Amino acid sequence: MLDATTDLKSLLNDPSLLETRAYIGGQFVEGEDTFDVTNPARGDVIAKVADVSRAQVAGAIAQAETAQKDWAKWTGKERANVLRKWFDLMMENQEDLAVILTAEMGKPLAESRGEVAYGASFVEFFAEEAKRIYGETIPGHQRDKRITVIKQPIGVAASITPWNFPNAMITRKAGPALAAGCSFVARPAAETPLSAIVLAVLAERAGIPAGVFNVVPSSRSSDVGKEFCENPAVRKLTFTGSTEVGRILLKQASEQVMKCSMELGGNAPFIVFDDADLDAAVEGAIMCKFRNNGQTCVCANRIYVQAGVYDAFAEKLKAALQKMTVGDGLKDGTDFGPLITKDAVEKVEEHIADATSKGGEVILGGNPSELGGTFFQPTVVTGATQDMAFANEETFGPLAPLFKFENEDEVIAMANDTIFGLASYFYANDLSRVYKVAEALEYGIVGVNTGIISTEVAPFGGVKQSGLGREGSHHGIEDYLEMKYICMSV
Ligand SMILES: NC(=O)C1=CN([C@@H]2O[C@H](COP(=O)(O)OP(=O)(O)OC[C@H]3O[C@@H](n4cnc5c(N)ncnc54)[C@H](OP(=O)(O)O)[C@@H]3O)[C@@H](O)[C@H]2O)C=CC1
Ligand SMILES: O=C(O)[C@H](O)CS(=O)(=O)O
């Protein structure tokens, strides 16, 4: 079983992929210290990773600034070819990247394989977009004027990403950034740096030039964030994480009026109307709510079920969950891994206690798993109401609260009653209802008769306090480009 770095290396086809140093200017370097990375399923240390200093982060930014000048001169096709090679290497090493991801984050291996492929798809997609960064000509406003619009890379982009998708949240940013001709400095979450560093190992093997892609692992996230926001060489900050931290970073970045992309918190409603295919809705609810054990910003946080099908839905959901397995993500047959930390367990317990104190009923789970550690039983609470904590806060865990509603207007009002606006979902078959409800939901993403909406081809992002900008789709590269117009007198 996994209980030390050597054991983790023994699980890999290519043990050299388990790198623990920072990657700066094309060199793997030690930090001023190290910090521990633990396996959340067992709590033991699996790696000691370079803990870089703020000065080293500044050095990485300087290297990125220098490298970007030449990288921007490559043609789109030349950048595309090397990004395609990076994608190929990710997929050739998919199993090892998935094992490393599960070891440090805990999600089941099948989900980690999926994340590696999902993350790689952004590099594949934006390798193609690199060839299609078009400008335009505009008819002159005077007879002797000619106007041309061109798009150029912003420059050095810095990223701060969370632990829950430690591969895909980086490639969803680095893919378009490098395709646009930017250079990139990534600071991964302290809980999950290994998945970021292995991307650097593969970037070097793919021939991405030194300094273009850098990884600065650190235990002191706020120090790195300040360097990113205060260093004048950084022209773009891209963040994925909580709205609370997003606010901090936006305030810091405002000093330089820095361009920011923010993928922040969610509070997704999942609505089941009485004309829905109930079995499909139950299957969709499980995938949407319990993907990554509920530790996903687009997870269903509130499940609204129309009165006529409420009891049937609750029973079907309970029965389906009872067949699923909690366990170590590296073990075959595991459906739900551990939560990332004890704090995460405490938040789930707080939401359950709050609900039951206000009349909610636990019909499944409700307690830590007998496996101990940070394992938790998949939980269903009925009788949920809008005054309960999970109506306004992201649970970020395996807790499915079921709210009952009578009609469309009532459920749309409840669904929109939040400061968040990332993802939303509903199951219905009446076409008129589908159009009306999809247009009425105040969210950046609406899933209709599906619980999974994540893809590289669509513009992922939120409204209200769920973020700024979009990642993925042909829109995604715009966040790494500056538009310039040239007015020429002839
Ligand atoms: N919209 C989206 O696409 C996503 C949103 N999220 C949201 O993020 C939350 C869960 O992720 P979680 O990692 O706990 O979120 P956090 O916002 O706490 O952390 C996200 C990242 O920010 C870093 N960080 C924390 N504080 C600072 C700071 N002051 N300055 C610079 N960096 C900082 C963290 O580092 P460290 O961990 O080392 O402290 C981590 O790398 C949930 O609210 C979830 O909804 C998560 C993923 C995707
Ligand atoms: O971190 C997240 O929750 C991701 O944004 C979710 S997704 O992109 O994998 O859907």
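Residues numbered from 1 in each chain as written. Chains lettered and ligands numbered in written order. Predicted model: local features only at pLDDT ≥ 70, side-chain atom pairs only at ≥ 80, totals over all residues. Heavy atoms only, no water.

- Looking up the protein chain in an unreviewed UniProt entry gives the name NAD-dependent succinate-semialdehyde dehydrogenase, with the organism given as Leisingera caerulea.
- What UniProt states about the protein chain under its Sequence similarities (unreviewed entry) heading is, verbatim, "Belongs to the aldehyde dehydrogenase family." (UniProt positions renumbered as here; feature names shortened; annotations may be inferred.)

### Concerning the overall build of the protein chain
Line of reasoning, step 1. Counting its regular elements, the protein chain contains 14 helices and 20 strands.
Line of reasoning, step 2. The C-alpha radius of gyration of the protein chain comes to 23 Å, within 12% of the 23 Å expected for a compact globule of 490 residues.
Line of reasoning, step 3. C-alpha extents for the protein chain along the principal axes are approximately 70 × 65 × 40 Å.
Line of reasoning, step 4. In the protein chain, buried positions account for 58% of the 490 residues.
Line of reasoning, step 5. Looking at the protein chain alone, contacts between residues at least 24 apart form 73% of all its contacts between residues at least 6 apart.
Line of reasoning, step 6. If the 46 positive side-chain charges of the protein chain are averaged to one point and the 66 negative ones to another, these points end up 7 Å apart. (Helix = DSSP H or I, 4+ residues; strand = E, 2+ residues; numbered from the N terminus. Rg over C-alpha atoms; globule rule 2.2 N^0.38 Å. Buried < 20%, exposed > 50% of the residue type's maximum accessible area, 1.4 Å probe, protein only. Contact = heavy atoms within 4.5 Å. Lys, Arg positive; Asp, Glu negative; His and termini not counted. Charge placed at Lys NZ, Arg CZ, Asp CG, Glu CD.)

### Details of the environment of Val282
Line of reasoning, step 1. Positionally, Val282 belongs in helix 10 (residues 278-290).
Line of reasoning, step 2. Taking the relative accessible area as the measure of exposure, Val282 reaches 7% and is therefore buried.
Line of reasoning, step 3. Once the C-alpha coordinates of Val282 and Thr192 are considered, the two residues, 90 residues apart in sequence, prove to be 32 Å apart.
Line of reasoning, step 4. Ignoring any residue separated from it by four or fewer positions in sequence, one finds Val282 in contact with Phe313, Lys316, Leu317 and Ala320.

### Description of helix 8 (residues 221-230)
Since there are 3.6 residues in each turn of an α-helix, residues three or four apart along the chain are aligned in direction.
Line of reasoning, step 1. Within helix 8 the residues assigned to the buried category are Val224, Gly225, Glu227, Phe228 and Cys229.
Line of reasoning, step 2. Along its buried surface, helix 8 packs onto helix 2 (54-71), strand 7 (156-160), strand 8 (183-187), strand 10 (234-240) and helix 9 (243-254).

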